[in-house]
Amino acid sequence: MLNLNIPTSITKINSDFLQKKSIKVFIKRDDLIHDVISGNKWRKLKYNLIEANLRGHDNILSFGGAYSNHLHALSYACNKMSLKSIGVIRGEKKTNLNSTLSFCQNNNMSLYYVSRSDYRDHKYSKDLMQDLQNTFGDYYIIPEGGCNLLGAKGCSEILEEIDFDFDFVCCAVGTGCTASGLINSMKPHQYLLGFCPFKKVFEQKQNILQFSNLKPSSNWKLIPDTDFGGFGKINVNLSNFIREFNLEYNVKLDLVYMGKLFYYLFHLIKNDFFNKHTRILVLHSGGLQGLSGFNFKY
Ligand SMILES: *Cc1c(COP(=O)(O)O)cnc(C)c1O
């Protein structure tokens, strides 16, 4: 079975910079949930795996890119729970599997490739679903990134573990599922900032509206990536920032999600976006497995 460190701990970070601005920053350490399962991925899988079990499925199918933290976590969790898993991968099959996909395969995940254009246009098309059914039989489907109502339900448990008050909650946004769960469990006076590591945030807004029960965006906002040029794009400012952050606060950040979140958050603090004495809670959603994939790619 899985050994999970839940409830996860809180790290309060401190420095001259934060002190001078009179801002308190707390990090909710979902990156420490498990050595292998990356942060928020377990939160999103939990109720989906329970639902699959209730419906009598022992075969779980999901979707993702070749560096997907979600498929990485799914393959490991399913293997430990003696469930079969299928990963539908965006992109052509490569001769050598990258570290994420070879990890998935070693955890007995069946890999099924769909060309990028087919994936974009027909992710859930009838033809694709028929092909998958013919190949794998019956299965329980988890959408890409674990983003559905049950995924959001798992993420709504994060704030239930916190017993002090804060003003802002910050999280990284991929599909927006984690942000939805946080919004659903925030108190009325709290505000969510969702940091997107890409430029276009339309789909994420739609997801959040859908999975947060259409809560109006009066207490949340998405911040797009303006400086780095989009998803997976990095530069030396970002890698320096991440190195210095680790030296100063002893917390590791990944290049795709958490590094950009803190980079932009510190920018906002520097520019006095927040009032003095604001208490900020940042969800550390993990992502360090992607880092090895990233090293492999670049
Ligand atoms: C997957 C992932 C996210 C995105 O979460 P969503 O619920 O899809 O918005 C954020 N941070 C990290 C580290 C992730 O791996």
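Computed from a predicted structure; not experimentally measured.

**Observations regarding the overall build of the chain**
When its secondary structure is counted, the chain shows 12 helices and 10 strands. Taking 2.2 N^0.38 as the reference for a compact globule, 298 residues should give roughly 19 Å; the C-alpha atoms of the chain span a radius of gyration of 19 Å, in line with that estimate. If one aligns the C-alpha atoms of the chain with their principal axes, the spans along those axes are about 60 × 40 × 35 Å. Buried residues in the chain amount to 54% of all 298 residues. Counting only carbon and sulfur atoms, one obtains 49% of the accessible surface of the chain, whose full area is about 14400 Å².

**A short note on the site of the ligand**
Neighbouring the ligand are 16 residues; Lys41, Asn69, Gly174, Thr175 and Thr178 lie closest to it. Within the backbone of Gly176, a nitrogen or oxygen atom sits 2.9 Å from an oxygen atom of the ligand. Looking at the shell around the ligand, the elements with two or more residues in it are helix 2 (40-54) and helix 8 (177-185). Looking at which domains feed residues into the shell around the ligand, each of domain 1 (10-35 + 149-297) and domain 2 (40-146) supplies at least three.

**Regarding the packing of aromatic side chains**
One pass over the structure, following the stated rule, counts 22 aromatic pairs. Ring geometry for Phe241 against Phe245: centres 5.9 Å apart, planes inclined by 40°, an arrangement best described as tilted. A residue pair is termed a helical-turn pair when its members lie 3 or 4 positions apart in one helix, as Phe241 and Phe245 do in helix 10 (residues 236-249) at 4 residues. A residue is classified by how much of its surface remains accessible, and Phe241, at 16% relative accessible area, is buried. Classification of Phe245 as buried rests on a relative accessible area of 2%. Aromatic pair Phe245 and Phe262: ring centres 4.6 Å apart, planes at 45°, arrangement tilted.

**Digging into the pattern of salt bridges**
Within the structure shown, the criterion is met by 11 salt bridges. Notably, a salt bridge pairs Arg90 with Glu144, separated by 3.2 Å at the nearest N-O pair. Remark: Glu144 occurs in the loop between strand 6 (140-142) and helix 7 (149-155) and Arg90 occurs in strand 4 (residues 84-90); sequence separation between them is 54 residues. One salt bridge connects Asp165 with Arg279, and the closest N-O pair in it is separated by 3.8 Å. With a gap of 114 residues between them, Asp165 in the loop between helix 7 and strand 7 (168-172) and Arg279 in strand 10 (residues 279-283) connect regions that are remote in the sequence. Each of Lys28, Asp30, Arg43 and Glu161 takes part in a single network of salt bridges with overlapping partners.

**Looking at the sheet that holds strand 6**
With parallel pairing, the 4 strands of this open sheet are ordered in space as 5-4-3-6. Edge positions in the sheet fall to strand 5 (109-114) and strand 6, since each has one partner strand and no second. Shown here is a sheet whose adjacent strand axes are inclined to one another by a mean of 25°, direction ignored. As paired elements, strand 3 (residues 59-64) and strand 4 share 6 bridges and run parallel to each other. Counted as the bridge partner of Ile60 is Ser85 from strand 4. Packing of helix 3 (residues 69-80) onto the sheet brings it into contact with strand 3, strand 4, strand 5 and strand 6, and relative to strand 3 it is tilted by some 165°. Sheet strands touched by helix 6 (residues 126-136): strand 3, strand 4, strand 5 and strand 6. Its angle to strand 5, the strand with the most contacts, is close to 150°.

**Concerning the domain arrangement of the chain**
By domain assignment, the chain separates into domain 1 (10-35 + 149-297) and domain 2 (40-146). Domain 1 puts 24 residues into the contact, and the matching count from domain 2 is 21 residues. Counting each side, the surface lost to burial between domain 1 and domain 2 is near 1800 Å², with a carbon and sulfur contribution of 53%. On inspection of domain 1 and its partner domain 2, the count reaches 3 salt bridges. Notably, a salt bridge pairs Glu157 with Lys46, separated by 2.8 Å at the nearest N-O pair.

**Quick look at the nonpolar core**
Grouped together as the largest cluster of nonpolar side chains are 32 residues, with contacts concentrated most on Phe245, Phe262, Leu265 and Ile280. Counting only elements with at least two residues in this core, the list comes to strand 2 (24-28), strand 7, strand 8 (191-195), helix 10, helix 11 (258-270) and strand 10. The contacts of Leu265, once residues within four sequence positions are left out, are Cys170, Phe195, Phe274, Ile280 and Val282. In this structure, Ile158, Val169, Val173 and Leu182 belong to the second largest nonpolar core, which totals 22 residues.

**A short note on helix 9 (residues 202-211)**
Those residues of helix 9 lying buried are Gln204, Asn207, Ile208 and Phe211. An end-on view of helix 9 places all buried positions within 95° of arc, on one side of the element. Turned more than 90 degrees away from the buried face of helix 9, the exposed residues are Phe202 and Gln210. Here the buried face of helix 9 lies against helix 7, helix 8 and strand 9 (220-223).

Rules behind the numbers
- Residues numbered from 1 in each chain as written.
- Predicted model: local features only at pLDDT ≥ 70, side-chain atom pairs only at ≥ 80, totals over all residues.
- Heavy atoms only, no water.
- Helix = DSSP H or I, 4+ residues; strand = E, 2+ residues; numbered from the N terminus.
- Rg over C-alpha atoms; globule rule 2.2 N^0.38 Å.
- Buried < 20%, exposed > 50% of the residue type's maximum accessible area, 1.4 Å probe, protein only.
- Areas by Shrake-Rupley, 256 points an atom, 1.4 Å probe, with all protein chains shown as cover.
- Near = heavy atom within 4 Å.
- Polar contact = N/O pair within 3.5 Å; in protein donor to acceptor, adjacent residues only side chain to side chain.
- Domains from an automatic or database assignment.
- Phe/Tyr/Trp six-rings, centres within 6.5 Å; stacked < 30°, edge-to-face > 60°.
- Salt bridge = Lys/Arg side-chain N within 4 Å of Asp/Glu carboxyl O.
- Pairing = 2+ DSSP bridges.
- Axes fitted to C-alpha atoms, helices over the stretch in contact; angles between N-to-C directions.
- Contact = heavy atoms within 4.5 Å.
- Buried area = accessible area lost by both parts, 1.4 Å probe.
- Core = buried A, V, L, I, M, F, W, Y, C linked by side-chain atoms within 4.5 Å.
- Arc of directions from axis to C-beta.

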